[in-house]
Amino acid sequence: MKIKNLLYTAIASLILFSSCIQELRKDDFKDEAISGLVKIQLKMPQGYEQFSTEGMKILLLDNTSGLEYTVIADANGYAEARVAFGTYSISSESKYTENKTISIFNGMQSGLRLTPEENTANVSIDLKYSKSSQIIIKEFYYGGCQNISTGKNYAKDVYVILYNNSEEVAYLDSLCIGVAYPWNAPTTGKIPEFTDVNGNLMPGAPNSGMGWMFDGTGKDLPLQPGEDAVISLNAIDHTKITANSVNLGKQGYFTFYDPVLTPQHSTPEAGVIPLKGFWKTGPSKSYVISNLSPALFIYTTGGRDIEEFIAQTYTPNPKNPSQALSACLFVEKDNVVDGVECFRNNNDTKRFIPEIDNGFIRTPGNGQGYSVHRKIDEEATAAAGGRIVYQDTNNSSNDFYVRDKASLTEN
Amino acid sequence: MKKFCSTLMLFFACIFSVFAQDSNIYSIEGTVVLKETGEPIPYAQIVIKELGQWAFTNDEGEFKINGVIEGKYTLQAFALGYVDYEVPITVSKKVPKFKILMMEDNLKLSEVVVTAQAGESINSSNKIGKAAISHLQASSVADIMQLLPGGVTTNPSITQKNNISIRGFSDVNNYRGTGFLINGSQISNDASMYNGTGSVMNTLPTIDYRQYSTDNIESVEVIKGVASAEYGDITAGAVLVNTKAGRTPFEISFKVDPSTKAFSANKGFSLGKDNGYLNVDADYANAATDRRSPVNTFDRLNFGLTYSNTFNNDRKPFRFNARLTGNFMFNTAESDPDAGKEDFSTTRNNEIGLSIYGKWMINKKWISALSYNLSGRYSIDNIRNYSLVANNIIPTTSTMTPGIALGQFTSGQAYVDERINDEPIYLNAKISANLNKKIKGSLFSTVLGVEFNSKGNNGKGTYYIGEQPAFFRERHYSDIPFMNTFAAFLQEEVTIPIASTSLELDLGARFTKLAIKNYDYKPTLDPRFNARYNIIKNNKRTGVSTFAIHGGWGILEKLPSLNLLYGGDVYIDRTLFQYKNISTNELLSLIQTVIEDELLDYNIGLAKTRNMEIGFNMTIGDVKFDITYFNEKLTRAISQNMEYTLQPTKYYNAVTSMTAAPKYENGMIMIKDDSGNYVEAPSTLVNEYLGSDTPDNRGKQDKWGIEYDVDFGRIKSLNTSIIVNGSYLKTTNSTGGLLYDYIGGQDPLNSKDRFPYISIFEGTANVSNGQNRDRLTTSLNLVTNIPKLRMVVSFTTQFIWMDRTWSLFKENDVYELDDNGNKIFGNYAEHGTDRVLYRDPVAYMDRDGNIHPFSDYYTTADEDLKFRLGMMRETSSFSYNFLKNSYNPYVMANIRVTKEIGDFAKISFYANNFTNSRPIMKNNARPNMLGDRKNTSIYFGAELRITL
């Protein structure tokens, strides 16, 4: 009898407390004893003081618990937030359209810890300026799918879709595309190797493995507003191998293919335009894009010809200077057009600086057909009169979403 | 060389003819009976150890040995199921009625031997008897090596390859250098052409000992020191196995352990008076890596049939043995059933062998005995790998002619059914003649022998049923000529009595000539020398009852394996142009094929060791000491190397236009330009290096160690023997000579072309040029036998005091760079560094084949050259690279129990590491890293043996 009573009391109190706990989660943390205070100061970059910080949204995110808080900055760029204890990354971005130029300001700081012992913090975020570009990465399908007949992962159907997000014709000539080093995002707190002596990322992006460029003299490869450019690793009809894959052998598509540099890629179907491989390091016979967590970006040579570009940007790996395989072409920050950083785990370390991608996008796993796709910017699409305009705040956490199936499977 | 041999033989012949009449010859007759009942023991072997003369008892237990030179000898008697018998005798007249009493070998005896004993030859050797093998519950011959001084406990496992190395660690040089002989026929795996895939060093064949079960073994002898001249094609030592022959009762046994189930049966039938004996044995074992999941299973089936008889027993006994064996291994591995659904792979090894061997006691003035051994083995090994693979669609060709030609395309996804058929054949014939002579009180025993070996392969090689992978060519192993070895050996054993001491000398030389088509090998001569000086022998009166010093020195050589000499033609295919247009069904590919002849234009030398050992054994009171120091230098071991030739190749640029309509005409690829006219497609000239495998003999191994074996004797009140043995062993593996290496990839300064230089390194293309390893172990054995309970318990504690590995560090060869880019040389064997460690090549070769010193990197003013050379340095960013990886001492204990139930059953049980002591030990070179678990995992097994 006694035990039964105890049991009932225990169950009852549990139910009571659980609802309390739910309550705790819903409300703001008003109680000083169980929350910390974060004081945030946004700083506009030099030369852009004419833009006001008033109304800029600041997002505080704890990756481990999933708690999110949003506060608004005042005209001085100051905001205060009361949040639960934890480790936060604080980011802010905002967009201004003026004279057909879209200016984006974003900045981020991660690793801010709030504990009962240290329950106040002062954060200063230097916002960085970047422009939204004409050509953006619309979709990136890198995880591969499952081969129905063998049951194994099939990752040969990797592709990227570039898109003209503006209202004028864009030219793909001399546009370059590559992945950043390291091929997979560093895990468990490791830092990437292309950092300066203090461990900070250098201003730019290290293009690793191979250098690819759209081959043209200037106006050979136009991309109309609202038009796609599909680039694949193997330009064949993959649906013949497994029906849930895509057909990448269509006329007008592009492919990463060079007969000398990538002899192990499938022979591209006629009608597909091969990109020009202008640089390669290492003995591999195919181009490597990670299936788990690649960091893809597009860039220009800044007007330089190829030899000059290579000579000026060739950077040995600071941690392993004589290992040729890990040397990169370090593209300067201003020459990077767009980038998307894909993670495998929430706490992977970033390879891109905030100007290129202030966040990350993550799929549940590889080999299941997932792809990452940009979200549609409803306001801008309506303003453009029906031409789809995608969201580009240089933050893939906001700009991208995960698709269950790659968009080209529906063609 | 030839002159020397013939002079030597003439010299010996002269001596004997002169002194031929010097000594008197007698005969020894007697009976062998069972001690308790007096019952005669048929088929017992009586041996006069020093002369090698023997006789077998007949059905009434009677024997007669003729032609015994007068003198003092040791008489030994052996019979299956009985304790070995030994007694000193002096032969000065005819011995008419010598009675030998033998005791049954079971646990009722007061002394039971379950450890390794010192062998009887002059050089270091160990003898392991049947009782020790069954007490250990060995699942293959490899498990027996744990009993030797310096052996460490390993859990028996027949799901993976079992290797043996004598006085060495686990590396391929030691595995190949260990000889394996069953009943005097040498087992080799050197004609096996398929040994896995990978580099030359990873595909050298070694013997897989799990193919041979242990239940039909009568005794094992392990020769560790300098082997005498009759053993060839070895560099370390030899394991000699003798199987049962004679009358034995019907015996069946069941063995079980966490991953294995085994069953065996054997019986020796008497075929009637003077008709000899027939021994039949069969063995089956089944193992799985994980009993819960049948994904990887292994089966072994052995059967053997031995006929043995002695003819003309009274006068010139002729011993005849014929043994037919079948050894079969089956291995099935299925892929994870949750992943690739249909993939599986099976391996089937089927081996049949026949050996005919024996000895004939001729007892003439010019020859005492003749030994012969003829054997042949034929193996059929079939491997099947079946998988469903989705590959890229790329051009392929299977042309067998070099040049530029059109090719085909692979299909995308297909079932790949790979079959590998390897059929090695071994033939062996060895005849030796022995002559015993006594000259002025010293006994001379001369052995002269010849041996012929032939190895070849009749297999089909690798082939595919259905879809073939890109660029595959069939290669039939049956096209490879046989490798024949002719050897002759001469051995002279002299026993010289000097007052109360005796000096035994064993001088020998072995002559080897390898003959194989397309190669021309010079013959080699290996001298072997062993000596033992018995200062005090069995003198019970003084404190030190035995004291002997022994030593040896010799050269031993190991032949290269067949797959090194005939590695198969190498086809290098490069696709120059490819075009695919499914809508118009156009497919065109142009492939350039270069064929590299498999025949090397040099001879791969024989690996050679210079072995030496020196030691002593001493008995003080009840304690026996046996301590040996050994030193082996292996040179000319197989190592890998490459040869690079420049081949400028014209690659066509990619063509994907829908209207190109390419065609191959007049040696050029023509495509339609914009106006519809055919022009040659644009191309780029790429300076490619083609590399070919050129294995050579730059490997070296320096080995030295000290073995100790102390037998403290039996504590009678406890019925316990205490034996402490162990060894210290150190090996250094390194490579000499020059290695050619190509970093590959594109030229960083000109992306259209390949990297222009070949690096030439000293030894290896690595920051370190070799590896060191040493280990000090002690094994404390307590053996208790309780005759009343018919039980023996052995308790072994294994101490590993030191187990270190470290990379070879060569001073002034490895450096780091300071902040200004200047070299700093440090002693990295003492301390680590956080900076990157560098090692430079010694030279580099340019596209014209000219070799320049690497010092150009430091002296050149050409920035491009300096940049490229900088990429050729070897680096390591491991701060602990040269530090000694060592662990503090750790201990483990094993227990083994054997109990007899009456006369018909015997149960054994063992537990390795029964305390489950698996400490996580810190690596002293990397104290902040997660440690390693030491000691084997706990393992146990039981065996039931029934004798009917």
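Residues numbered from 1 in each chain as written. Chains lettered and ligands numbered in written order. Predicted model: local features only at pLDDT ≥ 70, side-chain atom pairs only at ≥ 80, totals over all residues. Heavy atoms only, no water.

Before going further, it helps to examine the overall build of chain A. A count of helices and strands for chain A gives 4 helices and 27 strands. Against the 2.2 N^0.38 benchmark of 22 Å for 411 residues, chain A shows a C-alpha radius of gyration of 24 Å, consistent with a compact globule. On the principal axes, the C-alpha backbone points of chain A span a range of 80 × 60 × 55 Å. Taking all 411 residues of chain A together, the buried fraction comes to 53%. Counted over contacts in chain A with a minimum sequence separation of 6, partners at least 24 positions apart contribute 70%. (Helix = DSSP H or I, 4+ residues; strand = E, 2+ residues; numbered from the N terminus. Rg over C-alpha atoms; globule rule 2.2 N^0.38 Å. Buried < 20%, exposed > 50% of the residue type's maximum accessible area, 1.4 Å probe, protein only. Contact = heavy atoms within 4.5 Å.)

This paragraph deals with the overall build of chain B. Helix and strand counts for chain B come out as 6 helices and 60 strands. Relative to a compact globule of 948 residues, whose C-alpha radius of gyration would be 30 Å, chain B shows 32 Å and is just as compact. Projected onto its principal axes, the C-alpha coordinates of chain B cover approximately 115 × 65 × 60 Å. Looking at the 948 residues of chain B, the share that counts as buried comes to 54%. Contacts in chain B between residues at least 24 apart in sequence constitute 69% of all its contacts with a sequence separation of at least 6. For chain B, the computed accessible surface area is about 41000 Å², with 56% contributed by carbon and sulfur atoms. Mean positive and mean negative side-chain charge positions of chain B (98 and 102 charges, respectively) differ by 8 Å. (Areas by Shrake-Rupley, 256 points an atom, 1.4 Å probe, with all protein chains shown as cover. Lys, Arg positive; Asp, Glu negative; His and termini not counted. Charge placed at Lys NZ, Arg CZ, Asp CG, Glu CD.)

What follows covers the pairing of strand E26 (residues 442-457) of chain B. All names here are of chain B. With 12 of 16 residues buried, E26 lies mostly within the body of the structure. Relative to E26, strand E25 (residues 424-439) runs antiparallel, the two being bridged by 16 bridges. Bridge pairing in E26 places Pro-424 opposite Asn-457. Hairpin connection of E25 to E26: 2 residues between the antiparallel strands, including Lys-440 at a positive phi of 50 degrees. (Pairing = 2+ DSSP bridges.)

Here we take up the confidence of the model for chain A. Residues and elements named next belong to chain A. Summarising the model, chain A shows a mean pLDDT of 85, and 93% of its residues fall at 70 or more. When pLDDT is averaged over each element of chain A, strand E18 (residues 254-255) comes out on top at 96 and helix H1 (residues 2-26) at the bottom at 62. Contacts from residues 19-27, a stretch scored under 50 in pLDDT, to residues over four places away or in other chains number 3 contacts. (pLDDT = per-residue confidence, 0-100.)

The next thing to look at is the interface of chain A and chain B. Facing 40 residues of chain A, the contacting portion of chain B comprises 41 residues. Taken together, both faces of the contact between chain A and chain B bury some 3300 Å²; the carbon and sulfur share is 53%. The tally of links from chain A across to chain B stands at 2 salt bridges. Here Lys-580 of chain B and Glu-269 of chain A are joined by a salt bridge, their closest N and O atoms 3.8 Å apart. Our count for the contact surface shared by chain A and chain B stands at 16 residue pairs in polar contact (both at pLDDT 80 or more). When contributions to the side of chain A that touches chain B are tallied by element, the ones reaching two or more residues are strand E19 (273-274) and strand E20 (276-280) of chain A. Among the elements that line the side of chain A that touches chain B, the one with the most residues is E20 of chain A, at 3 residues. Here the side of chain A that touches chain B is built from residues that sort into 21 nonpolar, 14 polar and 5 charged. (Buried area = accessible area lost by both parts, 1.4 Å probe. Salt bridge = Lys/Arg side-chain N within 4 Å of Asp/Glu carboxyl O. Polar contact = N/O pair within 3.5 Å; in protein donor to acceptor, adjacent residues only side chain to side chain. Nonpolar A, V, L, I, M, F, W, Y, C, P; charged D, E, K, R; others polar.)

This part takes up helix H6 (residues 863-870) of chain B. All names here are of chain B. All of the buried residues along H6 are Leu-865, Arg-868, Leu-869 and Gly-870. If you follow the buried residues of H6, they end up packed against strand E45 (746-747), strand E53 (843-845) and helix H5 (856-859). Among the residues of H6, the N-terminal cap falls to Asp-862, whose side-chain oxygen and the backbone nitrogen of Asp-864 are separated by 3.1 Å.

Let's shift gears to the environment of Ile-100 of chain B. Residue and element names in this part refer to chain B. Among the structural elements, Ile-100 can be located in strand E7 (residues 95-102). On the basis of relative accessible area, Ile-100 is assigned to the buried category, the value being 0%. In this structure, the C-alpha to C-alpha distance between Ile-100 and Glu-86, residues 14 residues apart in sequence, is 9.5 Å. When residues no more than four places from it in sequence are discounted, the contact partners of Ile-100 are Thr-31, Val-32, Val-33, Ile-46, Phe-63, Leu-75, Ala-77 and Tyr-85.

Residue and element names in this part refer to chain A. Here chain A is partitioned into domain 1 (32-131) and domain 2 (135-410). Relative to domain 2, the C-alpha centre of domain 1 lies at a distance of 29 Å. Listed per partner, the contact involves 14 residues of domain 1 and 14 residues of domain 2. Summed over both sides, the interface of domain 1 with domain 2 buries roughly 1100 Å², with 44% coming from carbon and sulfur. Of all residues in domain 1, the largest losses of buried area upon contact with domain 2 belong to Asn-63, Glu-93 and Met-108, amounting jointly to 37% of the total for that side. For the pair domain 1 and domain 2, the number of links is 0 salt bridges. Summed over the shared surface of domain 1 and domain 2, the result is 1 residue pair in polar contact (both at pLDDT 80 or more). Of the residues belonging to the side of domain 1 that touches domain 2, the class tally is 3 nonpolar, 6 polar and 5 charged. (Domains from an automatic or database assignment.)

Further remarks concern the environment of Asn-373 of chain B. Residue and element names in this part refer to chain B. Assignment of secondary structure puts Asn-373 in strand E20 (residues 369-390). Between the alpha carbons of Asn-373 and Ile-356 there is a distance of 5.8 Å; along the sequence they are 17 residues apart. Once residues within four sequence positions are removed from consideration, Asn-373 is found in contact with Asn-183, Gly-184, Ser-185, Ile-356, Tyr-357, Asn-428, Ala-429 and Lys-430. Engagement of the side chain of Asn-373 in a polar contact is seen with the backbone oxygen of Asn-183, the distance being 3.1 Å. Within the local environment of Asn-373, its side chain forms a polar contact with the backbone oxygen of Gly-184, the two atoms lying 3.2 Å apart.

Turning next to the packing of aromatic side chains. Applying the stated criterion across every chain yields a total of 50 aromatic pairs over all chains. Chaining the aromatic ring pairs together yields one cluster made of Phe-278, Phe-297, Tyr-299, Phe-309 and Phe-352 of chain A. When the ring centre of Phe-56 of chain B is taken as reference, the NZ or CZ atom of Arg-319 of chain B above it lies at 3.9 Å. The aromatic ring of Phe-169 of chain B is capped on one face by Arg-773 of chain B, whose charged end is 4.3 Å from the ring centroid. (Phe/Tyr/Trp six-rings, centres within 6.5 Å; stacked < 30°, edge-to-face > 60°. Lys NZ or Arg CZ within 6 Å of the ring centre and 35° of its normal.)

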